[in-house]
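Working through the structure, step by step
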Amino acid sequence: MMLTRREREVLALLRRDPLSGAQAIADALGTTRAAVNVHLSNLGKKGAILGRGYILRQEHAVVVVGGANVDVKVRSLAPLAYRTSNPGQAHTSPGGVARNVAENLARLGTPTHLIAAVGQDPAGERLLSETQATGVRIDHVHRCAHPTGTYTAVLDADGELAVAVADMAATDGLGPEHLQPARELIGNASMLVLDGNLSSSALAYVLDIASAAGVQTVIDPVSVPKAALLAPLLAAGRPVFAVTPNVAELGALSGRDISHDRELTEAVAVLHERGVQYVWVRLGERGSLLSGAEEGVTFLDAPPAEVQDVTGAGDAMLGGFVHALLTGEDPVAAARYGHAAAALTVATTATVRPDLTPRLVEDALTPPLVEDARHAPPRRTT
């Protein structure tokens, strides 16, 4: 089923609110009701929606498993002075790597289930309510006895992260016994996304389900200590579609010291030998390196961006990457799509950009037209 870009946008809005009327969809997309009715008719003919009331055709969804917590972001109004008080601003919002990736996917129109653990407290209620409102399905989120996790980030005046403290006891306690009810959901996923915040036993349990069912899995190691815990689980007998480390995390995954590009590619080769099909290494301002076990290495430049807040950039990259793969893009094009989603995200103060849509990302990927001076109309002078 091939959908046009506009049809995908209409479908994304219907996934968020199946009761949306044609006029509401037209207003959201900046078009006419008549045009939306044509798109709805075409979606019906293609089987994407069924009958009246815009009942969506059932599809396998992406399943994202990992951390969900409350983000507390504190930004200094001036360059940070350490070991003393700094004037600044504070903001609280839903967060967590897995939760953020899930929201990015949902905003891009990909059906997405989140599996995570949150407390039975007001923070957990708010977190779930706000996550569900973005289109993420939360039926398999475990309500645990621990308080809902928090991630407190201190940002310098330029928006760069200075230090962060994470209280992830709820996620740490998510074990195989809590994941068992979602076994069928995981085994039928169109793609599985894991974050390294999970315990080793939980990661192993989910990886075994995915491996047995042939579900492609993408893993974000999250941090160097957690990458070290993940490393023993990567084995040729349990293949993984992709991992997305930064350089330090790649070193922990491969057991290699990395100081230059040759050591970088040697470390990537170690992961290919251990059953990882694609290794997408984030290189900060340099962009990224995408290595395929059969295709070789591609370096991708990071698109220009005015940085307001770096929090959530990696989650947007991963969400964009997975979304693009599921729409038929090859891994290199999907990585470029992820870069564009990240650049759009850091240009705002939001951890997940609230107006993120496929069209916004595709427009960011399209270079502006440069007028050819030889064919430009003559300038008027007065």
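This write-up is about the structure you can find in this document. (Residues numbered from 1 in each chain as written. Predicted model: local features only at pLDDT ≥ 70, side-chain atom pairs only at ≥ 80, totals over all residues. Heavy atoms only, no water.)

Concerning the packing of aromatic side chains
On inspection of all chains with the given rule, the structure shows 2 aromatic pairs. Aromatic side chains Phe241 and Tyr278 sit 5.2 Å apart centroid to centroid with 55 degrees between the ring planes, which places their arrangement in the tilted category. With a gap of 37 residues between them, Phe241 in strand S13 (residues 240-243) and Tyr278 in strand S14 (residues 276-282) connect regions that are remote in the sequence. Take Phe241 and Tyr278: they sit in the same class, and that class is buried. (Phe/Tyr/Trp six-rings, centres within 6.5 Å; stacked < 30°, edge-to-face > 60°. Helix = DSSP H or I, 4+ residues; strand = E, 2+ residues; numbered from the N terminus. Buried < 20%, exposed > 50% of the residue type's maximum accessible area, 1.4 Å probe, protein only.)

Regarding the pairing of strand S15 (residues 288-292)
Successive residues of a regular strand alternate their side chains across the two faces of the sheet. With 5 of 5 residues buried, S15 is to be regarded as a mostly interior element. The alternating pattern of S15 places Ser288, Leu290 and Gly292 on one face and Leu289 and Ser291 on the opposite face, and all of these are buried. Looking at chain direction, S14 and S15 are connected through 5 bridges and run antiparallel. Within S15, the residue paired with Val281 across the bridge is Leu289. Between S14 and S15, which pair antiparallel one after the other, the connecting turn spans 5 residues, and Gly284 there sits at a positive phi close to 65 degrees. Direction of pairing for S15 relative to strand S16 (residues 296-300): antiparallel, over a ladder of 5 bridges. (Pairing = 2+ DSSP bridges.)

A few points about the pattern of salt bridges
As enumerated under the stated definition, the model contains 11 salt bridges in all. Here Arg256 and Glu266 are joined by a salt bridge, their closest N and O atoms 3.9 Å apart. Residue Arg256 is found in the loop between helix H11 (247-254) and helix H12 (261-273), and its partner Glu266 is found in helix H12; the two are separated by 10 residues along the sequence. By relative accessible area, which is 38% here, Arg256 ends up partly exposed. Linking Glu266 and Arg262 is a salt bridge whose minimum nitrogen-to-oxygen distance equals 3.7 Å. Of this pair, Glu266 and Arg262 are both found in helix H12, 4 residues apart, which corresponds to roughly one turn of the helix. A relative accessible area of 59% means that Arg262 is categorised as exposed. Each of Arg99, Glu103 and Arg107 takes part in salt bridges that share partners, so that together they form one network. (Salt bridge = Lys/Arg side-chain N within 4 Å of Asp/Glu carboxyl O.)

Observations regarding the packing of helix H13 (residues 313-326) against helix H14 (residues 331-346)
Between H13 and H14, whose axes approach to 7 Å, the crossing angle comes to 145 degrees. In this structure, H13 crosses over H14, and the sense of that crossing is right-handed. In this structure, H13 contributes Ala313, Ala316, Met317, Gly320, Phe321, His323, Ala324 and Leu325 to the contact, and H14 contributes Pro331, Ala334, Ala335, Tyr337, Gly338, His339, Ala341, Ala342, Thr345 and Val346. For the contact of H13 with H14, the residue count by class is 13 nonpolar, 5 polar and no charged. (Axes fitted to C-alpha atoms, helices over the stretch in contact; angles between N-to-C directions. Left-handed = near helix turned anticlockwise from the far one by under 90°. Contact = heavy atoms within 4.5 Å. Nonpolar A, V, L, I, M, F, W, Y, C, P; charged D, E, K, R; others polar.)

Description of the sheet that holds strand S4 (residues 69-76)
Spatially, S5-S4-S9-S10 is the arrangement adopted by the 4 strands of the open sheet, whose pairing is mixed. Looking along the sheet, the strands with just one partner apiece sit at the ends: strand S5 (88-95) and strand S10 (161-167). In this sheet, neighbouring strand axes are inclined to one another by 15 degrees on average, regardless of whether the strands run parallel or antiparallel. Summarising the sheet, S4 and strand S9 (residues 149-155) pair through 7 bridges and their orientation is parallel. Among the inter-strand pairings, Asn69 is bridged to a residue of S9, identified as Gly149. Here helix H5 (residues 122-133) sits on the sheet and contacts S4 and S5; the angle it forms with S5, its principal contact strand, is near 70 degrees.

Looking at the packing of helix H1 (residues 5-16) against helix H2 (residues 22-29)
Orientation of H1 relative to H2, taken along the N-to-C sense of each, is 120 degrees, at an axis distance of 11 Å. In terms of orientation, H1 and H2 fall into the oblique class. Where H1 crosses over H2, the handedness of that crossing is right-handed. Every residue of H2 that contacts H1 at Arg6, Glu9, Val10, Leu13 and Leu14 is listed here: Ile25, Ala28 and Leu29. Split by residue class, the contact of H1 with H2 holds 6 nonpolar, no polar and 2 charged. (Parallel < 35°, antiparallel > 145°, perpendicular 65-115°, else oblique.)

Some remarks on the sheet that holds S16
The sheet built from 8 strands is open, its strands ordered S6-S3-S11-S12-S13-S14-S15-S16 with mixed pairing. Each of the sheet's edge strands pairs with one partner strand only, and the pair in question is strand S6 (112-115) and S16. Pairs of neighbouring strands in the sheet enclose a mean axial angle of 15 degrees, with direction left out of account. Direction of pairing for strand S12 (residues 217-220) relative to S13: parallel, over a ladder of 2 bridges. Its bridge partner lying in S13, Ile219 is registered against Val243.

Focus: the environment of Ala342
Summarising the element assignment, Ala342 is placed in helix H14. The exposure class assigned to Ala342 is buried, which follows from its relative accessible area of 7%. For the pair Ala342 and Leu185, spaced 157 residues apart in sequence, the C-alpha separation works out to 28 Å. For Ala342, the residues in contact, after removing those within four places along its chain, are Ala313, Ala316 and Met317.

Re the side chain of Thr217
Within the secondary structure, Thr217 is located in strand S12. According to the relative accessible area criterion, Thr217 is buried, its value standing at 1%. Within the local environment of Thr217, its side chain forms a polar contact with the backbone oxygen of Val215, the two atoms lying 3.4 Å apart. Once you skip the residues sitting within four places of it in the chain, Thr217 turns out to touch Leu192, Leu194, Leu207, Ala210, Val240, Phe241 and Ala242. (Polar contact = N/O pair within 3.5 Å; in protein donor to acceptor, adjacent residues only side chain to side chain.)

This is a description of form; function is not addressed.
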